[in-house]
Amino acid sequence: MYDTEAYMKILKNTLSSRRFYHSLCVSQSAKKLAERYNQDVEKAEIAGLLHDLDEEQCDWQHDLSVHGPTSVEILKKEGIDDPILFGAICAHNPKSGVKAKTKIQYALLAADPMSGFLKAVAQIYPDKKIASVKRKSVLKRFNEARFAKGANRDYMESIEFTGLMLEDLIDIGLEEM
């Protein structure tokens, strides 16, 4: 149903390599979360992949409400019309006006900041590798408000609205990155 290769090409032509890697990580985490609660795995994966499509196309730093809706407009111009996908992409940024209500939306909302948070935790390890990071270290840093303060803890904890725990999100993030 989805042309993942076409989306990858769009992303590679649109995003920096750092943002592209982030999108891949969020995509894999969203996919695994969808598997856990028996949702549309492919849709969650694609939503994760495309959630920051507009990152370098709009002035979200000055107006957060445009981050998400701009991605939807880009996708519509590419001939994509999928309200569930669009809802998930917009809900990953509640400032867009779309609040998470579905499990796929919560998966994306939580997986997005967790990706950056896990990368920040890895940076304090001697080898700086995600593979070295342990859940216990992530939870310790999670409770330190000054650590990776840009990673929204409320968004990460919103995974609990799906019936999963923060620890599940951490484990999935560590496995998928």
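What you see is a predicted model; the values in this text were computed from it and never measured.

So, on to the packing of aromatic side chains. The tally for this structure, following the rule as stated, stands at 3 aromatic pairs. Arranged with centres 5.9 Å apart and planes meeting at 75 degrees, the rings of Phe-117 and Phe-142 form a pair that is edge-to-face. Remark: Phe-142 occurs in helix α7 (residues 135-142) and Phe-117 occurs in helix α6 (residues 103-122); sequence separation between them is 25 residues. Neither residue differs from the other here; Phe-117 and Phe-142 are each classed as buried. Seen from their ring centres, Phe-117 and Phe-147 are 5.6 Å apart, and the 85 degrees between their planes marks the pair as edge-to-face.

Right, let's talk about helix α2 (residues 17-36) for a bit. Between its first and last C-alpha, α2 extends 29 Å over 20 residues, near the 28 Å set by a 1.5 Å rise per residue. Every buried residue of α2 is listed here: Arg-19, Phe-20, His-22, Ser-23, Cys-25, Val-26, Ser-27, Ser-29, Ala-30, Leu-33 and Ala-34. Considering only its buried residues, α2 is in contact with α1 (4-14), α3 (41-50), α6 and α9 (166-176). Positive backbone phi, approximately 55 degrees, marks Asn-38, located one or two places after α2.

This part is about the environment of Leu-53. Secondary-structure assignment places Leu-53 in the loop between α3 and α4 (69-77). For Leu-53, a relative accessible area of 0% puts it in the buried group. Residues Leu-53 and Ser-71, spaced 18 residues apart in sequence, show a C-alpha to C-alpha distance of 5.4 Å. Sequence-distant contacts of Leu-53, defined by excluding residues within four places in its chain, comprise Ile-10, Leu-11, Thr-14, Leu-15, Ser-71, Ile-74 and Leu-75.

Criteria and cut-off values
- Residues numbered from 1 in each chain as written.
- Predicted model: local features only at pLDDT ≥ 70, side-chain atom pairs only at ≥ 80, totals over all residues.
- Heavy atoms only, no water.
- Phe/Tyr/Trp six-rings, centres within 6.5 Å; stacked < 30°, edge-to-face > 60°.
- Helix = DSSP H or I, 4+ residues; strand = E, 2+ residues; numbered from the N terminus.
- Buried < 20%, exposed > 50% of the residue type's maximum accessible area, 1.4 Å probe, protein only.
- Expected span 1.5 Å × (residues − 1).
- Contact = heavy atoms within 4.5 Å.

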